[in-house]
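Survey of secondary and tertiary structure
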Amino acid sequence: MTHEAAGVPTTRNDEDRQDSDRPDASRPAPEAQDHAPGATDAAGGPEGAAPRPEARLAKAVQAAEQALIEFEIAVETFRVEVENFSRLHHQKLGPMYARLDELDALIAEARAARTKDPEDERKAREARAAVLPMPGVDELFHDWMDGDGLSPEAAAMLTEQPVRPPKRVRPSEEARRLYRDLARKAHPDLAQDETERQRRDEFIARVNAAYGRGDIELLKELVEEWAAGPVPPPAPLSESEELYARLEWLTRRKELLTVLAQELEEGPIGSMLRMAPDDPDQLLEDIAEQLLGEVSRRESELAEMVQ
């Protein structure tokens, strides 16, 4: 970030410093001043000095954290609206869409039966093939969420975990062998203290996830990792390094949330919600009314054709 956070004190210019350095008879001598030499101001530095770079960086981190929180709230709010709209759309309007597809197929079949035209017969077959159930919530959201909220793939992306679905129901024999060996060696019940138990719990969770996907290569990597022993703790970071690392994490998190927000907005339900941002419930009612009119017109057309 190149801008300074709001509220950060600014340094005095040269003219100010010159004025402050001039003798002033109305000002008490240094010996009579209340502040002893070396006194500090509220920012933790020498009184009157410019704020430390770390203090300004901390302000920037705080501002980025607040901005991310507000963005997460906005994304989650929109996600809930998209999910609710999708469910209501599916429940209220699904039968109408299905009825329209059925009527289109019946009309096409009636026309083909009357004309015996090969082209009309082809269109009738296509119309009948189009009579399918309405897509479920997971299909409408392009695998971003399911009935319980975010899908495992979406949740894994937001937590920066690999997104790899299972290849088969039962993992291979090699995967099962690797899993059993790792579980026997790294089981948390073998820990001698709480720190070791926590390390084993975290490791076994990764082993279970890899086995669930049948990921043999990752299981082999975990075997090597366990054989190498615990990773020594990293060297402590300086205050500036910690703040910069926090800013980088906040930036990555914002990018991931932006991808999710874009998927929601560009999906079929998000596109419909943009048509009525102020009253999406009324939009459902308007669509239902239009569909009822279409159903009525097609039923009348079919009735005329079969008379």
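Look above for the structure.
Residues numbered from 1 in each chain as written. Predicted model: local features only at pLDDT ≥ 70, side-chain atom pairs only at ≥ 80, totals over all residues. Heavy atoms only, no water.

Locating Arg200 in the fold gives a position in helix α7 (residues 194-213). In this structure, Arg200 is in contact with Lys185, Ala186, His187, Pro188, Leu190, Ala191 and Trp226, ignoring residues within four places of it in sequence. (Helix = DSSP H or I, 4+ residues; strand = E, 2+ residues; numbered from the N terminus. Contact = heavy atoms within 4.5 Å.)

Packed helix pairs are specified by the crossing angle of their axes together with the interaxial distance, meaning the distance between the axes. Contact geometry of helix α2 (residues 53-115) with helix α9 (residues 239-266) gives a least axis separation of 10 Å together with a crossing angle of 20 degrees. The orientation of α2 relative to α9 falls into the category roughly parallel. For the pair α2 and α9, the sense of crossing is left-handed. Its residues assigned to classes, the contact of α2 with α9 comprises 19 nonpolar, 2 polar and 9 charged. (Axes fitted to C-alpha atoms, helices over the stretch in contact; angles between N-to-C directions. Parallel < 35°, antiparallel > 145°, perpendicular 65-115°, else oblique. Left-handed = near helix turned anticlockwise from the far one by under 90°. Nonpolar A, V, L, I, M, F, W, Y, C, P; charged D, E, K, R; others polar.)

Below, the discussion takes up the packing of aromatic side chains. As enumerated under the stated definition, the model contains 2 aromatic pairs in all. Each ring, one from Phe203 and one from Trp226, has its centre 4.9 Å from the other, and the planes form 40 degrees; the classification is tilted. You can see Phe203 sitting in helix α7 and its partner Trp226 sitting in helix α8 (residues 216-228), a full 23 residues away along the chain. Using a relative accessible area of 15% as the deciding quantity, one classes Trp226 as buried. The ring of Phe71 carries Lys254 above its face, with NZ or CZ at 4.8 Å from the centroid. (Phe/Tyr/Trp six-rings, centres within 6.5 Å; stacked < 30°, edge-to-face > 60°. Buried < 20%, exposed > 50% of the residue type's maximum accessible area, 1.4 Å probe, protein only. Lys NZ or Arg CZ within 6 Å of the ring centre and 35° of its normal.)

Despite not being glycine, Lys116 has its phi angle at roughly 60 degrees, a positive value. On the secondary structure map, Lys116 appears in the loop between α2 and α3 (118-129). For Lys116, a relative accessible area of 57% translates into the label exposed.

Another point: the nonpolar core. Counting residues in each nonpolar core, the largest one holds 24 residues, and the members touching the most others are Phe85, Leu93, Ile269, Ile287 and Leu291. Secondary-structure elements contributing two or more residues to this core are α2, α9, α10 (268-273) and α11 (280-306). By residue number, the principal contributor to this core is α2, which donates 9 residues. Setting aside chain neighbours within four positions, we find Leu93 in contact with Leu88, Leu284, Ile287, Ala288 and Leu291. (Core = buried A, V, L, I, M, F, W, Y, C linked by side-chain atoms within 4.5 Å.)

Let us look at a negative patch on the surface. Together, Asp278, Asp279, Asp281, Asp286 and Glu289 make up a negatively charged patch on the protein surface. Relative to the elements of secondary structure, Asp279 occurs in the loop between α10 and α11. Under the relative-accessibility criterion, Asp279 is labelled partly exposed at 38%. (Patch = residues over 30% accessible without salt bridge, like charges linked within 9 Å, V, L, I, M, F, W, Y side chains within 5 Å. Areas by Shrake-Rupley, 256 points an atom, 1.4 Å probe, with all protein chains shown as cover. Salt bridge = Lys/Arg side-chain N within 4 Å of Asp/Glu carboxyl O. Lys, Arg positive; Asp, Glu negative; His and termini not counted. Charge placed at Lys NZ, Arg CZ, Asp CG, Glu CD.)

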